[in-house]
Amino acid sequence: MTKHTAMKTPPVVSQQEWEAARKKLLVKEKATLRAKDALAAERRRMPWMSVDKTYAFEGPEGKASLLDLFEGRRQLIVYRAFFEPGVYGWPDHACRGCSLGADQVGNLAHLNARDTTLVYASRAPQADIARLKKRMGWEMPWYTITDSFDKDFGVDEWHGHNVFIRDGERIFRTYLINSRGDEAMGTVWSYLDATALGRQEVWEDSPEGYPQTPTYKWWNWHDNYDAAPDKKWAEVSAAGEAAFRDNA
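Residues numbered from 1 in each chain as written. Predicted model: local features only at pLDDT ≥ 70, side-chain atom pairs only at ≥ 80, totals over all residues. Heavy atoms only, no water.

**Q** Before we go on, may I ask you to explain the overall build of the protein chain in this structure?
**A** What the protein chain contains, in helices and strands, is eight helices and eight strands. If one aligns the C-alpha atoms of the protein chain with their principal axes, the spans along those axes are about 60 × 55 × 35 Å. A buried classification covers 37% of the 248 residues belonging to the protein chain. Sequence-distant contacts, at least 24 apart, represent 63% of the contacts inside the protein chain between residues at least 6 apart. Of the roughly 15400 Å² of accessible surface on the protein chain, 55% is carried by carbon and sulfur atoms. Taking the average location of the 34 positive side-chain charges in the protein chain and that of its 36 negative ones, the two points are 6 Å from each other. (Helix = DSSP H or I, 4+ residues; strand = E, 2+ residues; numbered from the N terminus. Buried < 20%, exposed > 50% of the residue type's maximum accessible area, 1.4 Å probe, protein only. Contact = heavy atoms within 4.5 Å. Areas by Shrake-Rupley, 256 points an atom, 1.4 Å probe, with all protein chains shown as cover. Lys, Arg positive; Asp, Glu negative; His and termini not counted. Charge placed at Lys NZ, Arg CZ, Asp CG, Glu CD.)

Structure below.
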């Protein structure tokens, strides 16, 4: 067995004492959660930056514009991953940190159901990206940067998630999450909270006119979003929401 350095551990207590300690900490956890909700609400009110420059990428199907990366959806999140010559691990692997992040990405069907697309982008050629994705079991769309996109959006020397929204063919940058902020990314909630439209549920504090639907009702199995809304799930989710609000 591995010998560990002696640790100064917390006290061992009874179940009642443990529950009391947990409830005391839970007050702070709930305050932190509400603060995160408020921060996301403030993020939804960030000014937008018009993207007037044309950018070109290479994808599995050939050349693609920034608008193409939206895949017809309203919002786009582009993660700048480091996989290219000069990066530690090349050509077998992408950056260890970027790879760890890629392993956290959940099923994108849920994000797509909220009219949002997530893509990865690197400077590696498409053949290398396809090889890497197959080896690592990753399924997110992954494009090759061919111009100054990474430099223009602050991710030429460090990883980061740039968030965009479109109005027809007009594109706007709405936010950037990088550095330690990237640690929390990977779930549908972390991605949606980074966007201009948020989770698009009625409980959120969003500007007037923003799209919002009843809480939980849009949730579905990732292979079932094309099906009609399930009445039974509406009943179950309503009960769940009531319990959630009572314990919030």
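**Q** So what exactly am I meant to see when it comes to the packing of aromatic side chains here?
**A** According to the stated counting rule, one finds 16 aromatic pairs in the structure shown. On the basis of an interplanar angle of 65 degrees and a centroid distance of 5.2 Å, the ring pair of Phe57 and Phe149 is categorised as edge-to-face. With Phe57 in strand 2 (residues 56–59) and Phe149 in helix 6 (residues 149–152), this residue pair connects regions lying 92 residues apart in the sequence. By relative accessible area, Phe57 is classed as buried at 1%. With a relative accessible area of 1%, Phe149 lands in the buried category. Among the aromatic residues, ring-to-ring pairing joins Tyr55, Phe57, Tyr143, Phe149, Phe153 and Phe164 into one connected group. Lying across the ring of Tyr175, Arg43 places its NZ or CZ 4.9 Å from the centre. (Phe/Tyr/Trp six-rings, centres within 6.5 Å; stacked < 30°, edge-to-face > 60°. Lys NZ or Arg CZ within 6 Å of the ring centre and 35° of its normal.)

**Q** It is not clear to me how the environment of Ala227 should be interpreted in this structure. Could you clarify?
**A** Among the structural elements, Ala227 can be located in the loop between helix 7 (188–194) and helix 8 (231–246). The class of Ala227 is partly exposed, set by a relative accessible area of 36%. Separated by 219 residues in the primary sequence, Ala227 and Lys8 place their C-alpha atoms 54 Å from one another.

**Q** What should I look at first to understand the sheet that holds strand 3 (residues 62–65) in this one?
**A** Two strands in a sheet stick together by hydrogen bonds in their backbones, pointing the same way (parallel) or opposite ways (antiparallel). Pairing in this open sheet of eight strands is mixed, and the strands run 1-8-7-4-5-6-2-3 from one edge to the other. Both edges of this open sheet fall to strand 1 (49–51) and strand 3, since each of them pairs with a single strand only. The mean inter-strand angle of the sheet, taken between neighbouring strand axes irrespective of direction, is 40 degrees. Examined bridge by bridge, strand 2 and strand 6 (residues 142–145) share two bridges and lie antiparallel to one another. For Phe57, the partnering residue across the bridge sits in strand 6 and is Ile145. Packed on one face of the sheet, helix 5 (residues 126–136) meets strand 2 and strand 6 and runs near 150 degrees to strand 6. (Pairing = 2+ DSSP bridges. Axes fitted to C-alpha atoms, helices over the stretch in contact; angles between N-to-C directions.)

**Q** So what exactly am I meant to see when it comes to the layout of surface pockets here?
**A** Empty space among the atoms can be located by rolling a probe the size of a water molecule over them. Space inside the largest pocket adds up to approximately 470 Å³. Taken together, 18 residues make up the lining of the largest pocket; nearest its centre are Lys217, Trp218, Trp219, Asn220 and Trp233. Among the elements of the structure, helix 7 and helix 8 are those that each provide at least two residues to the lining of the largest pocket. Among the elements that line the lining of the largest pocket, the one with the most residues is helix 8, at three residues. (1 Å grid on protein atoms, 1.4 Å probe; cavity = no way out; pocket = protein on both sides within 12 Å on 5 of 7 lines; lining within 4 Å. Points joined across faces, edges and corners; volume = space filled by probe spheres on them.)

**Q** So what exactly am I meant to see when it comes to the pairing of strand 2 here?
**A** For a regular strand, the rule is simple: side chains alternate between the two faces of the sheet. The alternating pattern of strand 2 places Phe57 and Gly59 on a buried face, while none of Ala56 and Glu58, on the opposite face, is buried. Sheet topology places strand 2 next to strand 3; four bridges connect them, and they run antiparallel. Residue pairing in the sheet places Ala56 in a bridge with Ser65 of strand 3. Here strand 2 folds back onto strand 3, and the loop between the two strands holds two residues.

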